Structure formats: C-alpha cells, structure tokens
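Architecture at a glance
Listed below, chain by chain, are the residues.
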2 protein chains.
Amino acid sequence: MTDTEWLRLDRQICFSLHAASRAFNSVYRLILKDLGLTYPQYLVMLVLWEQGDLPVKKLGERLRLDSGTLSPLVKRLEGAGLVRRERSAQDERSVRVHLTEEGAALRERALEVPRRIMSSTGLDLTEVVDLHARLERLTTALDAAAEAEARAAG
Amino acid sequence: MTDTEWLRLDRQICFSLHAASRAFNSVYRLILKDLGLTYPQYLVMLVLWEQGDLPVKKLGERLRLDSGTLSPLVKRLEGAGLVRRERSAQDERSVRVHLTEEGAALRERALEVPRRIMSSTGLDLTEVVDLHARLERLTTALDAAAEAEARAAG
DNA sequence: CACAACTGAGTTGCACACAACTAAATCGAC
DNA sequence: GTCGATTTAGTTGTGTGCAACTCAGTTGTG
C-alpha cells in the first residue's frame, strides 16, 4: 500500500467511527427528547437504575468519565429533579448520587427506549451482541495503546 | 427477555459505542498532539489533502458537519496557518478553504499517523476494512431511522 | 424589474469531554 | 499527634457537535 492509500484508509476508518458515533447520538437524542434526557445523562440514569445509589467516583469508573464531565452533568440531573446529591457522613469528600422518586419513576418510561434503538440499528440481537463484543475488544486495545503512548511520551 | 434485561443490554451497547468512540478520540489526540491538530481538525485536513481546496459547504457534506461546527474549526486551522479562507468571486456566499504551503507540508508529517493508529487498534487490515463496512451500514440504518423518527415527530 | 423563497456562512447558546487546576478531607509514615 | 501524600469533588478553559438563529447574496416567479 502507498502512503496515499494509507491516508485514505485512515480517513475512511476514523470518519466512519466518528460518523457512527454521532449517528447513534442523534437517534438517542430524538428518542430521549421525550424523557428530557441527553445521551450521557441517560447513561448515568441507566447505571443508577441498575445499581442503585452510587458515589460520583463509582459513577465515573462505570462510565469512564472524570469529575470535570460528571459534576456539571449530575448537577443538571439534580436540577431536573431526577437525582439528589448527598455528602457521605463517613467520608466528607464523597458525594453519593441518589435517585429521587421522580428519577426512579422515569425508568418505566425508559423501558421502550432499548427496543426503539434496536430497531433503529437494523441489527438483530446476535449482531448487536457481536458488535458489543468487538467494540469492547477494540476499546481494550485502544486503552492499552494509549497507555503505552503516554508512557513513551513520558 | 425481561424489561430489565433490555435495559441492561442497552446500557452495554450504548456505553460500548460511546467508550470506543472516546478511546479512539483519545489515541488520535495523543498521536496528533505532535502535529498540533485535534481529531476533527485532522479529518478536515485529510479531506483537503485528498481532494484539494473545497468550499465550506462541500467540506460539511463530506464530514457531515454543519457550519456551526465547521466555521470556528476552520478559523482555528486558519489561525494555525494551515489553511486560508477566500470568498468565491462567482458566489459571494461561498467561502473556499485553501491549503497553505504549511498546511500542504504537514501531510508529510501525517503519513505516519495511520500506521500508528492501526497498530493501536490491534486489528489487521482485513478486520479494519470489515469494521469500516459494518460501521457504514450501521450509520446508514441509523440515519434512515432518525429520518423516520423526525418525520413521525412531524 | 420586484419580491419572496432559498442558500451558504457565521453566531449564539447549551451540553459534553478532557486537561489542568483548586480545595477539602483522609490516610500514612514518622 | 503532626505533616506530607493521596483521594474526591468541583472549577476553569478549550474544542467540538448541534439546534436555532441572523445576515448577505442568489434564484425563481410573477
């Protein structure tokens, strides 16, 4: 392959991933509009519905987001009345995010989201599970590479 | 599948895509730091290196980005001395983006990027091409679904 | 020609994402 | 017990991404 071909391939790959990510975001935006949630806010709510109350730190680990992203996001969820933030008594540094009644109730209305997303992808269950596995492997490899780059850069 | 299982699957899928996209972004950020480019700026430069000067409108079509994103981005590239913006004489509404000498020269230094990205993914050429095809199909389906949603919402 | 509809860029406002930083609380070595 | 290192949130600044808007220029219709 020539250098030019490599650049073209890179354009295709990085563009297609970028585009797929934004297309997903766009579909979620449309579907989540009724719930008054953004895509990242929905991710936070999914974790809370699944795992119950969590400190911001744990939320960040689950979602791989840092406090710079999570702090204002959780504040907006609090402003919408979906969660409550409470400083832990044991460790005053830690802030635990609780679902409010309204936040817990929103789960019922969110139940239709996955099916609508699934049908939007045009994929069947097997393909979705397969895609999930591929993306997980890819992310693991990329994280390892980023780690290696960071070490190399010093 | 129960409702709870659907929600869990949705969390897994939307999270894994989100995470993969950010992991890619992160690796590109590290590799592009030397070139002084962000990931979207690199996408713009790739298109310009490949296709030559283009009006902002065409750039937007190629990258599926609107003027709200492109205008400030191109201005930053201009500030970095990589491109020049010139209003078309034929159609005063149109602004054509030209590579400067410096911008054209940057291509030489960008030639190593694709190989570094490829090795970061841990995928071979066949898998990358396959991934590209899958993502294209997925994006097409998602775009069609978004279109349908938008029509339904009226 | 006149004027309404459209088009291409650009601006504004909002919500991530992330780097770099601060501040407060906790932990650990001594 | 004290003081420095670490940990947890939060803040600030930059750069997207997108909706909604403005503005200037162009086009189509009568």
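Residue positions are given per chain, counted from 1 along the sequence in the order it is written. Written order decides the labels, with chains lettered from A and ligands numbered from 1. Residues qualify for local features only when their pLDDT is at least 70, as the model is predicted, and side-chain atom pairs are given and counted only at 80 or more; totals for whole chains, interfaces and linings, by contrast, use all residues. The side-chain quantities take in all heavy atoms of the structure and omit both hydrogens and water.

Strands pair in a sheet through their backbones, by hydrogen bonds, and they do so in one of two ways: parallel or antiparallel. Residue and element names in this part refer to chain B. At least two bridges found by DSSP between two strands are what make those strands a pair. Helix and strand labels come from DSSP, where a helix needs a run of H or I of at least four residues and a strand needs a run of E of at least two; each type is numbered from the N terminus. Taken in spatial order, the 3 strands make up an open sheet running 1-3-2, and their pairing is antiparallel. Two strands lie at the open edges of the sheet, namely strand 1 (54-55) and strand 2 (83-87), each paired on one side alone. As judged from the 5 bridges shared by strand 2 and strand 3 (residues 95-99), these two strands associate in the antiparallel manner. The partner of E86 across the bridge, within strand 3, is R96. Contact definition: two residues touch when any of their heavy atoms are within 4.5 Å. For every element, the axis is a line fit to its C-alpha atoms; helices are fit only across the contacting stretch, and the angle between N-to-C directions ranges from 0 to 180 degrees. In this fold helix 4 (residues 67-79) packs onto strand 2 and strand 3, with an angle of close to 120° to the strand it touches most, strand 2.

Attention now moves to the relation of the copies chain B and chain A. Fitting of the copies onto one another was done by least squares over C-alpha atoms, counting residues only where both copies have pLDDT of at least 70. The two copies are related by a screw operation: chain B maps onto chain A through 180° of rotation and 0.0 Å of translation along the axis, at an RMSD of 0.0 Å. These values place the two chain copies in the arrangement generated by a two-fold rotation axis. The C-alpha atom lying nearest the rotation axis in chain B is that of S21 of chain B; the distance is 3.2 Å.

The next point concerns helix 2 (residues 39-51) of chain B. Because each turn of an α-helix spans 3.6 residues, side chains separated by three or four positions end up pointing in the same direction. All names here are of chain B. The terminal C-alpha atoms of helix 2, which comprises 13 residues, lie 18 Å apart, in line with the 18 Å expected from a rise of 1.5 Å per residue. Buried means the residue's accessible area, taken with a 1.4 Å probe over protein chains only, is under 20% of the maximum for its type, while exposed means over 50%, and partly exposed covers the values in between. Most of helix 2 is tucked away: 10 of the 13 residues are buried. For helix 2, every residue scored as buried is listed here: Y39, Q41, Y42, L43, V44, M45, L46, V47, L48 and W49. Positive phi appears at G52, one or two residues downstream of helix 2, with a value of about 80°. A helix's residues, less one, multiplied by 1.5 Å, set its expected span.

The next thing to look at is the packing of helix 6 (residues 113-121) of chain A against helix 1 (residues 3-32) of chain B. Interhelical geometry of helix 6 of chain A versus helix 1 of chain B gives an angle of 55° and a closest axis separation of 9 Å. In terms of their interaxial angle, helix 6 of chain A and helix 1 of chain B are classed as oblique. The way helix 6 of chain A lies across helix 1 of chain B gives a crossing that is left-handed. Residues V113, P114, R115, I117 and M118 of chain A of helix 6 of chain A lie in contact with helix 1 of chain B, whose contacting residues are D3, W6, L7 and D10 of chain B. Per-class residue counts for the contact of helix 6 of chain A with helix 1 of chain B are 6 nonpolar, no polar and 3 charged. Roughly parallel here means an angle under 35 degrees, roughly antiparallel means over 145, roughly perpendicular means 65 to 115, and every remaining angle is called oblique. A crossing counts as left-handed when the near helix is turned anticlockwise from the far one by less than a right angle, and as right-handed when that turn is clockwise. The nonpolar class holds Ala, Val, Leu, Ile, Met, Phe, Trp, Tyr, Cys and Pro. Asp, Glu, Lys and Arg form the charged class, and all remaining residues, Gly among them, are polar.

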